[in-house]
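# Inside the fold
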Amino acid sequence: MFGKGLIKGLGITGKHLFNRKVTEFYPEQKPVLPPRTRSSMYLDVPKCTACGICANTCPNNVITITSGKDENNKRVLTGYTMDTGRCLFCGLCTEACPSKALHTTTEFENAVYVKDELLWDMMKKYKADASKQEEGKDNG
Amino acid sequence: MPQFGSDIFLLIANWIRGLFGANTYAADVVMDIVKFIMIYVVLVLAVMVFVMLERKVCAWMQLRVGPNRLGPRGWGQIIGDMIKLMGKEDFRPDNVDKWPWALAPMFFLGITIMVFAVLPFGRGMVPVDLDLGIFYILAISALSVLPVVTAGWASNNKYSLLGGMRSVAQMISYEIPLVFSLLGVVMITQTFKTSAIVEAQQHVWFVLLQPIGFVVYVIAAMAEINRAPFDLIEAESEFGCGYFTEYSGLRFGLFYLAEYANLFLISAVAATVFLGGWQGPFLPGWLWFAIKVLFMVFLIMWFRWTFPRFRVDQLMHFGWKVLLPLSLANIVLTGVGIYVYQLIFPGIGG
């Protein structure tokens, strides 16, 4: 029948008018992302051997590593920065890491106001995170 | 039937007239001014409600919640919209035709406001009760094609001009089914007077006597005010924003206001002519009128957010080969119906 499609369309939009809305109220309500979402990096500093494979693997030269020697003449990490302005979060570095020190995380609110803040000091980040966890333990 | 609160506005009008005592001339002048201001206030308030309703209805139909920041559940968003529009720079491009460009939005809104003068907003609430009410509505609203084509031409922009040209083709084509669809009701009531048409619907609404006329009216009126699915004039994907591409700030705001005022207008005419105007039980007349107008507005929004836009040739095909014969057939049917009715009940009707 001519015009049947029109009525069907009106029916669908009419039904949608009363259906449950799918909007997520973002700032108040955080989204639940899949666990393997790659949107941020995290370095487990004690596990890192400063081998530099991650820096070599990175296609965009995001990672800069500085290392020194300790009293046993063993290499230790002294600095680990990521220029996330160039980073695609492809995850090649985490795959390459032999000691599983580098992870991708689901944290996604990475926007900053100044370009310099895009340079992430991963050791500082680890320390801040560790102290936060300490506080959590003390309070709990 | 006495209705609670039905005569509030009439009481106020009588009180204002009473202030002038025997000087009826002064009272008439003051009442005309008051009526004009009231039409303007009602129009602006209605447009605010419609814009908000449009955003919410469109969101709900797309499974969103729509604006949700300002006011309770986001219903105050329109205030933010208005402040944004008023705060924008009034920018005039270098090569526009200065005066026509500036006057077009004002005329567009002015013509729309003029039509509201003959609409019955409630029992005894017709600002100017012309004998040729329906004729006046059609004649004045037909003028609104001129500001659109003026804006398109004066903008000195090929996209604006294309939009203006399309508007002429579309509005003139759909004017004819629009007029014919209202003719059926005029044939039954034997009058052009809007208040008399509402009175005639005391027992049965004309949407039941004139279903074809109603359908043709709604479709043609939607095309007449350039609302989706007939928004070829401002088809964003084809040429920017059509005739108001070069407008910004308050001038764009005037076009926006006029567009929603036109929506109000066609809904109000549909409510008056087909849905019984202010007639209805229990509630005061002006409230019934508002409810019917809101129903029509919702219906038209429903169409807008369901149907995709027509192509230009489809539009012309539909207007001339479907709507026009349909409205002509409706007139013939109405005439035969009236003739048969008079044979059965001689002496009734003209």
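Residues numbered from 1 in each chain as written. Chains lettered and ligands numbered in written order. Predicted model: local features only at pLDDT ≥ 70, side-chain atom pairs only at ≥ 80, totals over all residues.

Within chain B, the secondary structure is distributed over 14 helices and zero strands. Of the regular secondary structure in chain B, the N- to C-terminal order runs α-α-α-α-α-α-α-α-α-α-α-α-α-α. Computed over C-alpha atoms, the radius of gyration of chain B comes to 21 Å, within 12% of the 20 Å expected from 2.2 N^0.38 for 350 residues, which places it in the range of a compact globule. Oriented by its inertia axes, the alpha-carbon framework of chain B measures out at about 65 × 55 × 45 Å. Across the 350 residues of chain B, 41% fall into the buried class. Restricting the contact set of chain B to residue pairs at least 6 apart, pairs at least 24 apart contribute 77%. (Helix = DSSP H or I, 4+ residues; strand = E, 2+ residues; numbered from the N terminus. Rg over C-alpha atoms; globule rule 2.2 N^0.38 Å. Buried ≥ 20, exposed ≤ 12 C-beta atoms within 10 Å, placed from the backbone. Contact = placed C-beta atoms within 7 Å.)

Across the contact, eleven residues belong to chain A and nine residues belong to chain B. Across the side of chain A that touches chain B, the residue classes tally to four nonpolar, six polar and one charged. (Nonpolar A, V, L, I, M, F, W, Y, C, P; charged D, E, K, R; others polar.)

If a strand is regular, its side chains alternate between the two faces of the sheet. Residues and elements named next belong to chain A. Direction of pairing for strand E2 (residues 63-69) relative to strand E3 (residues 75-83): antiparallel, over a ladder of seven bridges. By the bridge assignment for E3, Ile-65 is matched with Tyr-80. Connecting E2 to the antiparallel partner E3 that follows it, the hairpin turn spans five residues, and Asn-73 within it adopts a positive phi of roughly 60°. Sheet topology places E3 next to strand E5 (residues 119-121); three bridges connect them, and they run antiparallel. Paired with Met-82 across the bridge in E5 is Trp-120. (Pairing = 2+ DSSP bridges.)

With 84 residues, the main nonpolar core has B:Tyr217, B:Ala220, B:Met222, B:Ala261, B:Phe264 and B:Ala270 as its most contacted residues. For this core, the element with the highest residue contribution is helix H12 (residues 249-273) of chain B, accounting for 15 residues. Beyond its immediate stretch of four places on either side in the chain, B:Tyr217 contacts B:Leu178, B:Ser181, B:Leu182, B:Ala270 and B:Phe274. Listed in part, the 17 residues of the second largest apolar core include A:Ala50, A:Cys54, A:Val62 and A:Leu102. (Core = buried A, V, L, I, M, F, W, Y, C linked by C-beta atoms within 7 Å.)

A separate point is the pairing of strand E1 (residues 40-43) of chain A. All names here are of chain A. Burial of the side chains of E1 is restricted to one face: Met-41 and Leu-43 are buried, whereas none of Ser-40 and Tyr-42 on the reverse face is. Sheet topology note: the E1/strand E4 (residues 102-105) ladder contains four bridges and is antiparallel. Looking at E4, one finds that Leu-43 is bridged to Leu-102.

Our focus in this paragraph is unusual backbone geometry. The phi angle at A:Asn73 is positive, at roughly 60°, despite the residue not being glycine. Among the secondary structure elements, A:Asn73 is positioned in the loop between E2 and E3. You can call A:Asn73 exposed: it has 6 C-beta atoms within 10 Å. The backbone phi angle of B:Gln190 is positive, close to 60°, even though this residue is not glycine. In this structure, B:Gln190 sits in the loop between helix H7 (158-189) and helix H8 (194-200).

Let's shift gears to helix H6 (residues 145-154) of chain B. Residue and element names in this part refer to chain B. Across the ten residues that make up H6, a large majority, eight, are buried. Taken together, the buried positions of H6 are Val-145, Pro-147, Val-148, Val-149, Thr-150, Ala-151, Gly-152 and Ala-154. Those residues of H6 that are buried are in contact with helix H4 (98-115), helix H5 (133-142) and H7. Asn-156 occupies a position one or two residues after H6 and carries a positive phi of about 60°.

On to the confidence of the model for chain B, then. Looking at chain B, the pLDDT average stands at 86 and 97% of residues meet or exceed 70. Predicted complex, confidence summary: ipTM 0.74, pTM 0.83. (pLDDT = per-residue confidence, 0-100.)

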